[in-house]
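The residues making up each chain are set out below.
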Amino acid sequence: MITPQPGASSRWGEALSVLMIWWRFIIVNVVVVALVAAGVSPLLPKWDRATASVVPPHPQDLFGSLGSAGSVLRSLTGVARLGQRPTAYNYFAILKSREVNEAIIRKFGLMKEYGISDSSMESALKALSGNVSFEEQTDDYITIEVLDKDPARAAEMANTYVQLLNETSIRLGSLEAHNNREFIEGRLDSTWV
């Protein structure tokens, strides 16, 4: 003898009967969770987000993008082929560098703001990294996002990241140009001797 399999209508009936049995429990839990969330949410600190955008310059020519041994090594090892242009890679390296992030921590007194009592720079760097993000967008620009409890400080921190990025990039570019000039002068001297 073949027994009929329960259809979709019997499954809906079972689900409805379970809801009818537990309806009070479900409603009470929804109301309690909503009341707790409404009571706790005003007590939580409000975090504000500030965003700054940076457009990395495009290399001018072959010598501009491969001017130093570091650039050559990056292109040979394939680091520049990971979806980022060499300049964008350099910008990310600067933004994530310890030097830049320590400058941000010192300028804004973030050890005190983050409640780091042991004055550990490592703890401050870890806390800052959780409140800052750097992303390359599809339109070839980099966004710097900073979260902070004070909206004015968040905006100033994002602008300071841009300022430090610019200063460090100019300093490193000058150093690279100086090293290139010394290398070329050395090669010319050895050629003419």
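Residues numbered from 1 in each chain as written. Predicted model: local features only at pLDDT ≥ 70, side-chain atom pairs only at ≥ 80, totals over all residues. Heavy atoms only, no water.

Undergrad: What is the right way to read the overall build of the protein chain from this model?
TA: Counting secondary structure elements, the protein chain contains eight helices and three strands. Beginning at the N terminus, the succession of helices and strands in the protein chain can be written as α-β-α-α-α-α-α-α-β-β-α. Among the 193 residues that make up the protein chain, the fraction classed as buried is 24%. For the protein chain, the exposed surface amounts to about 13,800 Å²; the carbon and sulfur share of it is 62%. (Helix = DSSP H or I, 4+ residues; strand = E, 2+ residues; numbered from the N terminus. Buried < 20%, exposed > 50% of the residue type's maximum accessible area, 1.4 Å probe, protein only. Areas by Shrake-Rupley, 256 points an atom, 1.4 Å probe, with all protein chains shown as cover.)

Undergrad: Explain the pattern of salt bridges to me, please; I cannot follow it from the model alone.
TA: Between side chains of opposite charge, a pair can form when the charged atoms approach closely. Counting across every chain of the model gives nine salt bridges. Where Glu145 meets Arg49, a salt bridge forms, and the shortest distance between an N and an O atom there is 2.8 Å. Pair noted here: Glu145 is in strand β3 (residues 142–148) and Arg49 is in strand β1 (residues 48–54), with a separation of 96 residues, a long-range link. Asp148 is paired through a salt bridge with Arg153; the nearest N and O atoms lie 2.7 Å apart. The same class applies to Asp148 as to Arg153, namely buried. Members of the salt-bridge network, linked through shared partners, are Arg98, Glu102, Arg106 and Glu122. (Salt bridge = Lys/Arg side-chain N within 4 Å of Asp/Glu carboxyl O.)

Undergrad: I tried to follow the pairing of strand β2 (residues 132–136) on my own but got confused; where do I start?
TA: On any regular strand, side chains alternate: one points to one face of the sheet, the next to the other face. Examined bridge by bridge, β2 and β3 share five bridges and lie antiparallel to one another. The residue bridging Ser133 from the neighbouring strand is Glu145, located in β3. The turn joining β2 and β3, which pair antiparallel and follow one another in sequence, is formed by five residues; a positive phi near 65 degrees is taken by Asp140. (Pairing = 2+ DSSP bridges.)

Undergrad: Teacher, can you tell me more about the nonpolar core here?
TA: As a rule of thumb, soluble globular proteins bury nonpolar side chains together. One finds Ile104, Ile105, Leu128, Ile144 and Tyr161 to be the most contacted residues of the largest nonpolar core, which totals 30 residues. Looking at this core, the elements that each hand over two or more residues are β1, α4 (86–95), α5 (98–108), α6 (110–113), α7 (121–129), β2, β3 and α8 (151–192). If one sorts the elements of this core by residue count, α8 sits on top with six residues. Discounting residues that sit within four places of it in the chain, Ile144 has contacts with Ala50, Thr51, Ala52, Val54, Leu95, Ser133, Phe134, Tyr161 and Val162. (Core = buried A, V, L, I, M, F, W, Y, C linked by side-chain atoms within 4.5 Å. Contact = heavy atoms within 4.5 Å.)

Undergrad: What is the right way to look at a nonpolar patch on the surface in this model?
TA: A cluster of nonpolar side chains, contributed by Leu16, Val18, Leu19, Met20, Ile21, Trp22, Phe25, Ile26 and Val30, occupies part of the molecular surface with about 960 Å² of accessible area. Within the fold, Val30 resides in helix α1 (residues 8–40). Classification of Val30 as exposed rests on a relative accessible area of 53%. (Patch = residues over 30% accessible without salt bridge, like charges linked within 9 Å, V, L, I, M, F, W, Y side chains within 5 Å.)

Undergrad: Mind showing me how you'd approach the packing of α5 against α8 here?
TA: Any two packed helices are characterised by how steeply their axes cross, that is the angle between the axes, and by the distance between the axes. At a closest axis distance of 10 Å, the pairing of α5 and α8 adopts a crossing angle of 140 degrees. With respect to their mutual orientation, α5 and α8 come out oblique. With respect to the hand of their crossing, α5 and α8 are arranged in right-handed fashion. Residues Glu99, Val100, Asn101, Ala103, Ile104, Lys107 and Phe108 of α5 pack against Arg153, Glu156, Met157, Thr160, Tyr161, Gln163, Leu164, Thr168 and Arg171 of α8. By residue class, the composition of the contact of α5 with α8 is seven nonpolar, four polar and five charged. (Axes fitted to C-alpha atoms, helices over the stretch in contact; angles between N-to-C directions. Parallel < 35°, antiparallel > 145°, perpendicular 65-115°, else oblique. Left-handed = near helix turned anticlockwise from the far one by under 90°. Nonpolar A, V, L, I, M, F, W, Y, C, P; charged D, E, K, R; others polar.)

Undergrad: Any chance you could explain the sheet that holds β3 here in plain terms?
TA: In a beta sheet, neighbouring strands are held together by backbone hydrogen bonds and run either parallel or antiparallel to one another. Pairing is antiparallel across the open sheet formed by three strands, whose spatial order is β1-β3-β2. Each edge of the open sheet carries a strand with a single partner, namely β1 and β2. Geometrically, the sheet is characterised by an average inter-axis angle of 20 degrees between neighbouring strands, direction not taken into account.

Undergrad: What should I look at first to understand the packing of aromatic side chains in this one?
TA: Given two aromatic rings, their pairing is described by the distance between the two centres and the angle made by the two planes. The full count for this structure, using the stated rule, is two aromatic pairs. An angle of 75 degrees between the planes, with centres 5.7 Å apart, marks the rings of Trp22 and Phe25 as edge-to-face. A residue pair is termed a helical-turn pair when its members lie 3 or 4 positions apart in one helix, as Trp22 and Phe25 do in helix α1 at three residues. Relative to Tyr161, the ring of Phe134 has its centre 5.4 Å away and its plane inclined at 70 degrees; by these criteria the two rings are edge-to-face. Taken as a pair, Phe134 in strand β2 and Tyr161 in helix α8 lie far apart in primary sequence, 27 residues in all. Of the two residues, Phe134 and Tyr161, both sit in the buried class. (Phe/Tyr/Trp six-rings, centres within 6.5 Å; stacked < 30°, edge-to-face > 60°.)

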